[in-house]
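# Observations on chain architecture
Listed below are the residues making up each chain.
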Amino acid sequence: MFDEVVEHVVPKAGPSRGLFPQVKYEGFEPSPFTDPAPLIEVYADELRLRELRPITQPFDLCPVQYTLPAPLTCLAVSSDKMAMGLASNTIVLIELAHPEQVLQIPIPRKPTEMSLHKMFLDPSGRHLVITSHQGENWYLFRGWKKPKQLKSFKMVIESIAWNEPALLSSPHSTSTREILVGARNGGIYEAVLDAAEDFFKSQERYLHLLFTLPEKSPITGIRFDLFPPSDPRTALIIVTTPTRIYQFVGPPDRRSEESGRMFLPIFSAYRETAPKISELPGTLIHSELHFFRPNVDQPSSLPKSLAWLTAPGIYYGTLNFEQSVDDHIDSTQLFPYPTLSQPEASTASTPPPQVPISIALTEFHLVLLYKDRLIGICTLNGKQSYEDTVPLRPNEVVRGVATDPVRRTYWVYTDQSILELVVRNESRDVWQIFLEQRKFDVALQYAKTTSQRYEVLSAHAKALFDEGRFFPAAQYYAQCTVPFEEVVLKYLDAGQRDALRSYIFLRLERTKKTDLTQRMMLATWLVEFYLSKCDELDDSCAAEAATSDAQNVETERVMLEEDLRHFLETYKANLDRDTVYELIQGHGRTDLLLFFATVVGDHEYVIHHWILEEEWSKAIDVLNRQSDLQLYYRFGTVLTRHAPKEMVDAWLRQPALDPLRLIPSLLQLQHAPRDALSSNQAVRYLNHVVFQQSNTASIIHNLLVTFHATLSPTPSDDGPLLRFLTTAPCDPLTGKPYYDLDYALRLCKRACRIQACVHIYAKMGLYENSVDLALEKGDLELAKVNADMPESDLPLRKKLWLKIARYVVQDKKDIKSAMRFLEDTDLLKIEDILPFFPDFVVIDDFKEEIAHALEGYSAHIDELKKEMDEATRTAESIKQDIAELRNRFVTIAAEETCSVCAQLLLTRQFYVFPCQHTFHADCLISLARECLPTHALRRVLALQTELVKESRTVPVNRSATGTTDVQVGQPVRQRTLLSTNFVGPALQNGTKAVAPLGRNILSAGDKLRDLIIPDALAAVATAPVGWIPGIGLAGGKKSGSDKEGEKRTERSRAELDDILASSCPMCENVVAGLDKPFVDPEEMDTTWAL
């Protein structure tokens, strides 16, 4: 068997291709019924010519590589499934998505018994109906291995109308649903086929004759559509014969989907009345009906147009599915058949047009198939736009054209080959055709390149301009490439300045943002147009003030100004500020000038304008609406002088202002006339800065003091100044106010603000001056307040109160007032003020006060006696406790061990602490030197030195001390020499002796600890056996010097004992070492670390 592979050969455009196409020729091996040698040569010549032809035509005819095992009789394609009927009564099925899979299914009939006529493949590609010239019909479902005969179908089928919505929306259904069958005898049948296996039912569920055409001509085409798609209530059935086209319209019966009979009510209605019929007479025996459906991806979509092959020509029209119309075929045209060129024919007579063998309908073309060529006619203008020859071998006969309605592919087939008609660039010239028909919007939809779009737009704009529709023309002129100067001159010549303004505006919108110069020129020109139009409308308003059109003109002017404002706001970045200022000023539009300055952020210009107009409130309002702080500083002086309250309100709304830079503006209010009842605006702002914003600048505080001291409404009113001085914030570090006290004092003295001066003196700590000044002015209460201010200095307070008392006694000479004065303070007594009384004062005036004072003294003496008695009792109790402490003892066991060395405690001198820790004397010294502070170590070292010296001068009775002292004496003597040498000079000569021995020895605690020798210190610090305090060793008398030395030694030992035994070193180390690690860094064992 030959290589049966279906392949779509698509020639590639370009000059680099070779002479022969890049295809394989396996599909043209010798067939059993042709001579292969001449066929290959002829076909190669055709391919060579096709190779050299540029791809500029709307279609391209490409051969399919497949070797037919027998002559091809009929072909059907749908949903990329191809079914071929061969003369050998064999059905070949190919799925174009997998062309290597070819299925051949024979029909159990011999070619001599039956010959195939047509094949009908449903839109889903699952159901195939085969009809023959003898009237036998066969049914093949996808997946079957052999077809089944339709025994009830006793007819020659010419056409079938499939139920496209049902078949395409149910891909797994085995039923065809309701279909219409057109027979050769003129009968229209309704049938349902079902491939489901049912023992009691055949595949043809039912077949019912619905209608028979009166002329009984073959039904060459039939189709039905249900509309509207969302709610299909009406069916349109179109039926064609070689000479007539019928339209049947009516509601289908959709109550029972299984029983069928859906179209019976429609055709029953036409038994008494005739349907819509259009007739094109002729002698043609064959005919075809084709439809084009644009939305093939939607199963319920409706077809757009139809084409009917008739003898006079091709009947073409569009479908109208509105229920209110009688004729559902609109815009009908009859395209005559073209005259074919005959090179060998005589030029004397023109041959008549030939009827094509078959046709196909695309979106914009009719494809006509003749016995040796293909011709394409555009349905938009009826002109021929395509012609191509069909490559034929000798004796090869063209059969027809098959269309895939779902995939929109077209196939030309002969008895020996198959060719695909590929739609390349069908809509290439469609835009031009619509342009010639002045259908500009449709032409614009099909314009693919930029130049084509510009051509359509320019033609549309010119047509609108010629019609006098200048504004729509401006929109299209702005989108095309017609020169700007040409369009402007056309509008100027026509006097259409408003339309020209619209055109310039549209051009500005379409100009690139990077073309800054062009955008600026266009925007500036538009401003001039707007201003000129505003002037024109102003003149019209003035001229038509008394007419009825005045209101309309005024409305137009307002709208135009609003458009201009919107334009200035939108395109402010494309306008030069100075140029626009000049333009607007030239037209006298002050309101627009201020608006534009506000839009571009030139608030300085607006504020300056209102200041020149002396509109202070408007200037401040503009100042409030902007955020540039520099303008506050620049215009603050003039605005503060003329509108102080409003200006201060503006300052308060801007907390970011620097008050120091506003001082020149504030000084404008120093000498400005002011209403006595109104508050000082400068003081109001400075109070806000100081107390609300917590400003600490001394200049601001000094300025506020200045305004309070010099600009008070009444010179005698010190209330505001005193309130500020009292509540003014102070520096938290120094405790002094931020204003300069000296400056404030000078200012208040110059302004005769006595109370303020008193307060400032107190702030400066000069309480005597403050009291003196208050008394000088006779303000006794103020003097009292200032006298109590130095709370921590009692002598000073008493001195101040004495001054006040002297003032009261000597100056006022009021004895009773002086007596009442003593009640105001607890610092003065009657005896303190008696020296101020004059000699002639009678004691009767203050006899009661003296008696009261004496009673107080007596009570105070009694309290002191009680305190002395209590102190005596406490001292006696302490002495008793000390005596009891001397007799305190602790019982220890004989086997008690030292807490440090773990040896028996009784072997050497030892210490016992209340915490039950016990230590040998040397062990205690070793442990205590590690925890004692540096000053204690130095004292221990000094005591060690003194005791060593005393031990050298005082002989030791060895018979008394025993052998233990003899053994210990020698090492102690040797070890104490080092301590003596190091410590002696240091203690004798102070810090001067430390330098020669090394400053680090006594300053560093570790060095001092090394100088303390526990064994030696224990030997000299503890008393020998037989030692009696105050007497010495028993059994001998001592001289006076010896007794003095023994007392010194005893004192040194007692002091050393106090230092060492003040606290248990082991317990103290536990508390002191809480923040220390359990293991010192030098004790870490790192041998096991990785």
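Residues numbered from 1 in each chain as written. Predicted model: local features only at pLDDT ≥ 70, side-chain atom pairs only at ≥ 80, totals over all residues. Heavy atoms only, no water.

## What to know about the overall build of the protein
- Helix and strand content of the protein: 39 helices and 32 strands.
- Among the 1090 residues that make up the protein, the fraction classed as buried is 44%.
- If you take every contact in the protein between residues at least 6 apart in sequence, the share linking residues at least 24 apart comes to 54%.
- Carbon together with sulfur atoms contributes 53% to the accessible area of the protein, which is approximately 58,100 Å² in total. (Helix = DSSP H or I, 4+ residues; strand = E, 2+ residues; numbered from the N terminus. Buried < 20%, exposed > 50% of the residue type's maximum accessible area, 1.4 Å probe, protein only. Contact = heavy atoms within 4.5 Å. Areas by Shrake-Rupley, 256 points an atom, 1.4 Å probe, with all protein chains shown as cover.)

## So, the packing of aromatic side chains
- Applying the stated criterion across every chain yields a total of 33 aromatic pairs.
- The interplanar angle of 90° and the centroid separation of 5.2 Å between the aromatic rings of Phe248 and Tyr270 together place this pair among those described as edge-to-face. Linking Phe248 in strand β16 (residues 244-250) with Tyr270 in the loop between α3 (264-268) and β17 (276-279), this pair joins segments that are 22 residues apart in sequence.
- With relative accessibility at 15%, the residue Tyr270 sits in the buried group.
- Judged by centre distance (6.3 Å) and plane angle (65°), the rings of Phe470 and Tyr491 are edge-to-face. One end of the pair, Phe470, is in helix α7 (residues 470-477); the other, Tyr491, is in helix α8 (residues 484-494), and 21 residues separate them in sequence. (Phe/Tyr/Trp six-rings, centres within 6.5 Å; stacked < 30°, edge-to-face > 60°.)

## Observations regarding the pairing of strand β6 (residues 116-121)
- Buried residues dominate β6, accounting for five of its six residues.
- What sits between the antiparallel neighbours β6 and strand β7 (residues 127-132) is a turn of five residues, in which Gly125 has the positive phi angle 80°. (Pairing = 2+ DSSP bridges.)

## Re the sheet that holds strand β10 (residues 157-161)
- Taken together, the four strands give an open sheet; going across it, the order is β10-β11-β12-β13, and neighbouring strands pair in antiparallel fashion. Each having just a single partner strand, β10 and β13 (204-212) make up the two edges of the open sheet. The mean inter-strand angle of the sheet, taken between neighbouring strand axes irrespective of direction, is 25°.
- Pairing between β10 and strand β11 (residues 179-183): four bridges, direction antiparallel. When the bridges of β11 are listed, Ser159 appears paired with Gly182. (Axes fitted to C-alpha atoms, helices over the stretch in contact; angles between N-to-C directions.)

## A word on the sheet that holds strand β3 (residues 81-86)
- Strand order in this open sheet of four strands is β2-β3-β4-β5, and the pairing throughout is antiparallel. Only two strands of the sheet have a single neighbouring strand rather than two, namely β2 (72-78) and β5 (102-106). Taking each pair of neighbouring strands and ignoring which way they run, the sheet shows an average axis angle of 20°.
- Bridge count between β2 and β3: six bridges; the pairing is antiparallel.

## Re the pattern of salt bridges
- Counted by the stated rule, this structure contains 40 salt bridges.
- Put simply, Asp225 and Arg223 hold a salt bridge, and the shortest N to O gap is 3.0 Å. With respect to burial, Asp225 and Arg223 carry one shared label: buried.
- A salt bridge links Asp498 to Lys533; the shortest N-O distance between them is 3.2 Å. Highlighted residues: Asp498 in helix α9 (residues 497-510) and Lys533 in helix α10 (residues 516-543), separated in sequence by 35 residues.
- Looking at Lys533, the relative accessible area reads 12%, which means it is buried.
- Several salt bridges converge on common partners, so that one network encompasses Asp535, Asp538, Glu554, Arg557, Glu561 and Arg589. (Salt bridge = Lys/Arg side-chain N within 4 Å of Asp/Glu carboxyl O.)

## Describing the packing of helix α15 (residues 616-625) against helix α16 (residues 629-642)
- The geometry of α15 relative to α16 is characterised by a closest axis approach of 11 Å and an angle of 155° between their N-to-C directions. Between α15 and α16, the interaxial angle falls into the category roughly antiparallel. Here α15 runs over α16; the crossing is left-handed. Contacts between α15 and α16 involve Trp616, Ala619, Ile620, Leu623 and Asn624 on the former and, on the latter, Leu631, Tyr632, Val638, Leu639 and His642.
- Class assignment for the residues of the contact of α15 with α16 results in eight nonpolar, two polar and no charged. (Parallel < 35°, antiparallel > 145°, perpendicular 65-115°, else oblique. Left-handed = near helix turned anticlockwise from the far one by under 90°. Nonpolar A, V, L, I, M, F, W, Y, C, P; charged D, E, K, R; others polar.)

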